[in-house]
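Coordinates in review
Read off the chains here:
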Amino acid sequence: GTGSTVAIHATATQGSGDYPRMRLLVQQKVVASFRVTPFKPNTWSGPTKVYSYKHASKVARADVRIQFYNDAEGRDLFVDKIAIDGQVFQTEAATTYSVGSWSANGCGPGYKQSEWLHCDGFFQY
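Residues numbered from 1 in each chain as written. Predicted model: local features only at pLDDT ≥ 70, side-chain atom pairs only at ≥ 80, totals over all residues. Heavy atoms only, no water.

**Overview of the side chain of Thr-37**
The condition that has to hold: We count a stretch as a helix when DSSP gives it H or I for four or more residues in a row; a strand needs E for two or more, and each element gets its number in order from the N terminus. Counted as a polar contact is a pair of N or O atoms within 3.5 Å, where, for protein atoms, one must be capable of donating a hydrogen and the other of accepting one, and residues adjacent in sequence contribute only when both atoms are in side chains.
By secondary structure assignment, the location of Thr-37 is in the loop between strand E3 (29-35) and strand E4 (49-55). There is a polar contact of 2.7 Å between the side chain of Thr-37 and the side chain of Lys-49.

So, in structure tokens, the structure goes:
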């Protein structure tokens, strides 16, 4: 096939009675949405789950954005990595741009080398 498979390795913490909602965007268009839950309730530790999506055409790393959009007290999204057709891209890489990862400038934009989204925002690979 001519398409691509995007696999998102993620887990989460619960807050305000719910888990994070995550969207996969390809070329700025929402193509999939997921409710992210940990393997073990009430903890983020342990392995991530894989959330997969098959796109009709080829997808490049720069086309992918992972968005967190239902922030609440204690509710955070952890994205370990993504894989596009088996090629792995680590979220904490210096080339991953984020808005929503906590640092000295709060949840503002930057190349924060973090796997966490603590506020509504996104990872751009």
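**Structural notes on the pattern of salt bridges**
We apply this condition: Within this document, salt bridges are pairs made up of a side-chain nitrogen of Lys or Arg and a carboxyl oxygen of Asp or Glu, the two lying within 4 Å of each other. Relative accessible area decides the class of each residue, using a 1.4 Å probe on protein chains only: under 20% of the type maximum gives buried, over 50% gives exposed, and in between gives partly exposed.
Applying the stated criterion across every chain, the model contains 3 salt bridges. A salt bridge links Arg-21 to Asp-18, with the shortest nitrogen-to-oxygen separation between them at 3.1 Å. The exposure class of Arg-21 is partly exposed, given its relative accessible area of 29%. Judged by its relative accessible area of 18%, Asp-18 falls in the buried class. With its nearest N and O atoms 3.1 Å apart, the salt bridge here joins Arg-35 to Asp-18. Highlighted residues: Arg-35 in strand E3 and Asp-18 in the loop between strand E1 (4-13) and strand E2 (21-26), separated in sequence by 17 residues. In this structure Arg-35 comes out as partly exposed when scored by relative accessible area, which is 41%. Each of Asp-18, Arg-21 and Arg-35 takes part in one network of salt bridges that share partners.

**Comments concerning the side chain of Asn-70**
Test applied: Contacts between residues were defined by any pair of non-hydrogen atoms, one from each residue, lying within 4.5 Å.
Note on placement: Asn-70 falls in the loop between strand E5 (64-68) and strand E6 (76-84). With a relative accessible area of 14%, Asn-70 lands in the buried category. A polar contact of 2.7 Å, which involves the side chain of Asn-70, links it to the backbone nitrogen of Arg-21. With near-sequence residues (within four places) excluded, Asn-70 lies in contact with Asp-18, Tyr-19, Pro-20, Arg-21, Arg-75 and Asp-120.

**As for the state of the cysteines**
Going by this rule: A pair of sulfur atoms, both from cysteines and within 2.5 Å, is called a disulfide here.
Overall, the coordinates contain 1 disulfide when judged by the stated rule. Here Cys-107 engages in a disulfide with Cys-119; their sulfurs sit 1.9 Å apart. Disulfide Cys-107-Cys-119: torsion about the S-S bond near 55 degrees, hence right-handed. Of this pair, Cys-107 sits in the loop between strand E8 (97-99) and strand E9 (109-110) while Cys-119 sits in the loop between strand E10 (116-117) and strand E11 (121-124), and the two are 12 residues apart along the sequence. Taking the relative accessible area as the measure of exposure, Cys-107 reaches 16% and is therefore buried.

**Examining unusual backbone geometry**
Non-glycine residue Gln-27 carries a positive phi angle of around 50 degrees. Here Gln-28, not a glycine, exhibits a phi torsion of approximately 70 degrees, which is positive. Tracing the chain through its elements places Gln-28 in the loop between E2 and E3.

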